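Observations on the three-dimensional arrangement
Listed here are the chains, written in short residue letters.
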Amino acid sequence: MSNSLEQYLNLYRDLSATVDQGSAPALNRLRGEAFDVLSGTRLPNRSDEGFEKTSIDDMFAPDFGLNISRINIPVDLAASFRCDVPNLSTLMGVVANDKFIPTDTLLRNLPEGVTVMSLTKAAIERPDEIAQAYGSVAPITNPGVALNTLFAQDGVYIRIGRGVRIDKPIQIVNIFSSATPLMAARRVLIVAEEDSQANILFCDHSRNDGSKYLSSQVVEIILHRGAAVQYFDIEESSADTSRYCQMFVDQHEASSFKSNSSTLLNGSTRNEFNVNINGQHCSTGLYGMAIASNKQHIDNSSNVVHCAPRSTSNQLFKYVLDDNASGAFEGNIEVTPNAPFTEAYQSNNNIIASTDARMYTKPQLLIYNDEVKCSHGATTGQLNAEALFYMQARGIPQAEARTMLMQAFMIDVINTVTLESLRDRLRHLVEKRFDNTLACPTCKGC
Amino acid sequence: MKDILLKVENLHASIGDKEILKGINLEVRRGEVHAIMGPNGSGKSTLSSVLAGNPAFTVTEGSATFHGLNLLDLAPENRSHEGLFLSFQYPIEIPGVSMVNFMRAAVNAKRKYFNEPAMSATDFLKMMRQKRAVVELDNKLASRSVNEGFSGGEKKRNEIFQMAVLEPQLSILDETDSGLDIDALRIVSSGVNKLKTEENATIVITHYQRLLDYIKPDFVHVLYKGRIVKTGGPELALELEEKGYDWIKEEIDNKF
Ligand SMILES: Nc1ncnc2c1ncn2[C@@H]1O[C@H](COP(=O)(O)OP(=O)(O)OP(=O)(O)O)[C@@H](O)[C@H]1O
Ligand SMILES: [Mg+2]
């Protein structure tokens with residue numbers, strides 16, 4: 001079997017000095033170890049447990065270019081600002097391919113105690129801070145993480161100071177723009193200090209329809225005692241975009257973490273959500289919405305590990321699959337012997353709207369003590385024919401009725417977004433998505 | 001005599017391999033009220049579903065003409081636009097679809113069908129308010145998901161509210177009285193009467209004479225085993241109330 005890593009290892013062998021040059025010592029520090037890990041392994045493929053429906057090896061096999069020499073690729077930033085969330089003023093930064101670009105408003109309006117900046121710049125200006133946190137949550141032994149670590153030259157660094165609560169969401173726009181195929185190793189590091197609070201919104205866009213893109217993104221999030229972070233992620237990329245996003249979260253006592261991830265437009269996507277609950281009285285919410293038509297492929301995989309007592313986790317992932325789309329969900333909850341009085345719930349509900357769409361679901365519970373309340377469940381079905389007829393009988397054309405039912409199906413995931421302006425925005429995007437009027441390459445009306 | 005609004009001839013319909021309607025004949029003119037009665041399971045709801053276009057049933061024989069149109073050729077939504085309304089015996093709950101969005105979609109789809117522009121938000125809300133008054137439907141219900149958590153009676157009221165909004169030419173009310181308390185029965189039937197004109201018509205499916213005290217039928221039909229086996233005036237309903245269906249069943253079962 002081919003090993004897609006070969007080309008990356010060769011590339012690194014040839015250009016390691018250039019990679020380092022375009023970055024900072026605190027990030028370069030881990031590359032050697034990453035290289036060693038990758039030399040002795042391969043990327044997961046469909047024969048590996050947990051990757052039955054998505055081969056990372058295949059995803060990384062094509063020869064994408066990597067902008068290791070940090071050549072300036074012109075990106076139409078003005079266009080990305082149209083992706084701004086109306087009625088929701090945010091502190092916005094842009095990741096153009098793999099380069100962090102702050103906006104003027106971001107630079108001017110950052111409140112005291114809040115950092116949103118280039119990871120490389122932070123690694124140069126505050127090396128100790130970065131060295132301590134970078135790579136501390138995402139295990140470098142994981143092949144995806146190792147590959148990302150090998151090539152990540154820049155990224156986003158967000159730090160919310162102790163006791164700081166910011167109302168304004170921080171928004172990062174990931175944007176692909178290149179005339180030739182391109183891979184971006186994106187890295188995100190978020191540290192929420194004690195009792196801090198923040199809303200962080202990511203959205204993924206791809207420009208230049210027809211260009212093939214691959215994003216390798218590793219997100220590390222550390223929540224110290226009492227911190228509360230809501231993390232939103234909306235992918236509106238393109239059919240030619242592949243995305244491998246791995247999130248690793250480390251929760252300390254009484255922290256609360258909520259992730260809300262929506263895949264609206266994409267090519268092939270694999271999202272991994274790994275949460276370690278390392279303190280008591282934490283709450284964790286992982287919510288996901290996947291809407292796929294044509295040949296879109298969406299794979300979400302969660303792994304919530306309760307390592308401390310008296311915490312609660314909730315997971316809800318919903319899919320609507322049409323045409324030839326395929327979806328996969330694998331959800332793991334692990335309750336360790338050290339985590340009595342855990343409450344952990346998971347559910348996955350799917351609608352298959354066509355005869356050719358496919359859904360694969362695998363909910364799993366691993367419980368190693370008796371004092372727990374846990375449940376999991378998965379359902380896959382079709383649109384309710386009776387409801388459809390009722391709506392048609394009132395004059396609503398079938399296509400519109402179907403759209404309304406699909407939208408309605410997603411409502412409980414949308415409602416997990418507590419930020420009202422964002423919830424309205426998401427509802428609107430979903431409506432447009434089902435109307436087939438959500439088209440990102442031009443960012444019209446988005 | 002007024003024009004014929006609906007003409008059903010020798011209508012047969014099945015679900016799966018099971019034939020339920022076995023040759024229905026029915027003629028409804030504008031301005032008329034027809035009552036359809038009959039024992040449980042005789043095919044009353046099936047007839048209304050088939051006329052409204054429920055794809056669960058297959059028409060195997062016969063025809064239905066609705067003011068000159070071949071009704072059976074039309075998609076359910078177009079039957080609605082053309083003026084057919086079915087008040088469901090069991091209205092469907094649709095979690096996540098708000099009453100307001102549901103009605104707006106219905107109203108604007110009909111306007112689009114007749115090449116009219118969508119209704120403005122103000123006009124729409126004003127109309128909703130007026131129509132709610134027809135059946136004294138609580139404003140609170142209008143802000144919920146379609147029928148979700150509505151009581152049995154509230155669902156029936158909601159059906160007539162929708163009828164008021166859509167202003168159909170032919171309304172089929174399938175057991176609209178079941179589940180209604182005495183006050184609600186009066187309110188709902190007076191709502192139906194308010195919507196009654198010389199130009200439209202109503203088919204009332206019911207088990208009880210008491211509804212017919214409010215909504216006075218011109219004709220009463222008895223549906224049994226998929227056929228209309230008896231037709232009479234309002235007095236037939238009184239007779240059925242008194243004697244039950246056994247005498248008709250006997251008559252028919254001996255014949256076939
Ligand atoms: N979806 C279905 N699948 C199978 N059989 C059905 C279905 N719907 C109706 N039937 C059958 O068709 C027959 C007629 O049912 P229908 O609901 O039309 O009766 P009805 O006259 O409306 O009765 P009721 O007075 O109880 O409302 C019954 O035998 C019923 O069981
Ligand atoms: Mg019935």
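Residues numbered from 1 in each chain as written. Chains lettered and ligands numbered in written order. Predicted model: local features only at pLDDT ≥ 70, side-chain atom pairs only at ≥ 80, totals over all residues. Heavy atoms only, no water.

Moving on, we get to the coordination of the magnesium ion (ligand 2). Coordination of the magnesium ion (ligand 2) by the protein comes from Ser45 of chain B (OG) and Gln89 of chain B (OE1), over a distance range of 2.0 to 2.1 Å. Taken as a pair, Ser45 of chain B in helix 1 (residues 44-52) and Gln89 of chain B in the loop between strand 6 (84-87) and strand 7 (94-98) lie far apart in primary sequence, 44 residues in all. (Donors = N, O, S within 2.8 Å, 3.2 Å for Na, K, Ca; no water. Helix = DSSP H or I, 4+ residues; strand = E, 2+ residues; numbered from the N terminus.)

By the element assignment, Ser237 of chain A lies in the loop between strand 10 (228-236) and strand 11 (241-251). Reaching out from Ser237 of chain A, the side chain makes a polar contact with the side chain of Glu235 of chain A at a distance of 2.7 Å. (Polar contact = N/O pair within 3.5 Å; in protein donor to acceptor, adjacent residues only side chain to side chain.)

This part covers the nonpolar core. When a protein is soluble and globular, its nonpolar side chains tend to lie buried together. Formed by 107 residues in total, the largest nonpolar core has its most connected members in Met391 of chain A together with Leu6, Leu51, Ile94, Phe102 and Leu170 of chain B. Setting aside residues up to four positions removed in sequence, Ile94 of chain B forms contacts with Ala387, Tyr390, Met391 and Leu405 of chain A together with Phe102, Ser145 and Val146 of chain B. Core analysis: the second largest hydrophobic core is formed by 47 residues, Ala26, Phe51, Val137 and Ala146 of chain A among them. (Core = buried A, V, L, I, M, F, W, Y, C linked by side-chain atoms within 4.5 Å. Buried < 20%, exposed > 50% of the residue type's maximum accessible area, 1.4 Å probe, protein only. Contact = heavy atoms within 4.5 Å.)

All right, on to the site of ligand 1 then. Residue and element names in this part refer to chain B. Surveying the vicinity of ligand 1 reveals 14 residues, the closest of which are Gly41, Lys44, Ser45, Thr46 and His207. Lys44 places a side-chain nitrogen or oxygen 2.8 Å from an oxygen atom of ligand 1. Between Glu175 and ligand 1, the recorded distance is 3.3 Å, taken from a side-chain N or O atom to an oxygen atom. Isolated, ligand 1 exposes 630 Å² of accessible area, and the fraction of that covered by the protein chains is 63%. (Near = heavy atom within 4 Å. Areas by Shrake-Rupley, 256 points an atom, 1.4 Å probe, with all protein chains shown as cover.)

Now for the sheet that holds strand 4 (residues 58-66) of chain B. Residue and element names in this part refer to chain B. Spatially, four strands are ordered 2-1-4-5 in an open sheet, and the strand pairing comes out antiparallel. Two strands in the sheet have a free side with no partner beyond their single neighbour: strand 2 (18-29) and strand 5 (69-70). Bridge analysis of strand 1 (residues 4-15) against strand 4 gives seven bridges, and the strand direction is antiparallel. Counterpart to Ala13 in the pairing with strand 4 is Val59. Contacts from helix 1 reach strand 1, strand 2 and strand 4 within the one sheet, and its direction differs from that of strand 1 by about 110°. (Pairing = 2+ DSSP bridges. Axes fitted to C-alpha atoms, helices over the stretch in contact; angles between N-to-C directions.)

To continue, consider the packing of aromatic side chains. How two aromatic rings sit relative to each other is given by the distance of their centres and the angle of their planes. Residue and element names in this part refer to chain A. Taken as a whole and assessed by the stated rule, the structure comprises 13 aromatic pairs over all chains. When the ring of Tyr12 is compared with that of Phe151, the centres are 6.2 Å apart and the planes differ by 80°; the resulting orientation is edge-to-face. With Tyr12 in helix 1 (residues 5-21) and Phe151 in helix 9 (residues 143-151), the pair connects residues that are 139 residues apart, well separated along the chain. Taking the relative accessible area as the measure of exposure, Tyr12 reaches 10% and is therefore buried. Its relative accessible area of 2% is what places Phe151 among the buried residues. The interplanar angle of 55° and the centroid separation of 5.7 Å between the aromatic rings of Phe273 and Phe317 together place this pair among those described as tilted. (Phe/Tyr/Trp six-rings, centres within 6.5 Å; stacked < 30°, edge-to-face > 60°.)

All right, on to the interface of chain B and chain A then. Contacts between the two partners involve 29 residues from chain B, matched on the other side by 17 residues from chain A. A buried area of about 1,800 Å², summed over both sides, lies between chain B and chain A, and 71% of it is on carbon and sulfur atoms. One salt bridge connects Glu159 of chain B with Arg394 of chain A, and the closest N-O pair in it is separated by 2.7 Å. In this assembly, chain B and chain A are joined by eleven residue pairs in polar contact (both at pLDDT 80 or more). Of all the secondary-structure elements, those providing two or more residues to the side of chain B that touches chain A are helix 1, helix 2 (76-81), strand 6, strand 7, helix 3 (99-113) and helix 6 (152-166) of chain B. The biggest single contributor to the side of chain B that touches chain A is helix 3 of chain B, with five residues. For the side of chain B that touches chain A, the residue count by class is 17 nonpolar, ten polar and two charged. (Buried area = accessible area lost by both parts, 1.4 Å probe. Salt bridge = Lys/Arg side-chain N within 4 Å of Asp/Glu carboxyl O. Nonpolar A, V, L, I, M, F, W, Y, C, P; charged D, E, K, R; others polar.)

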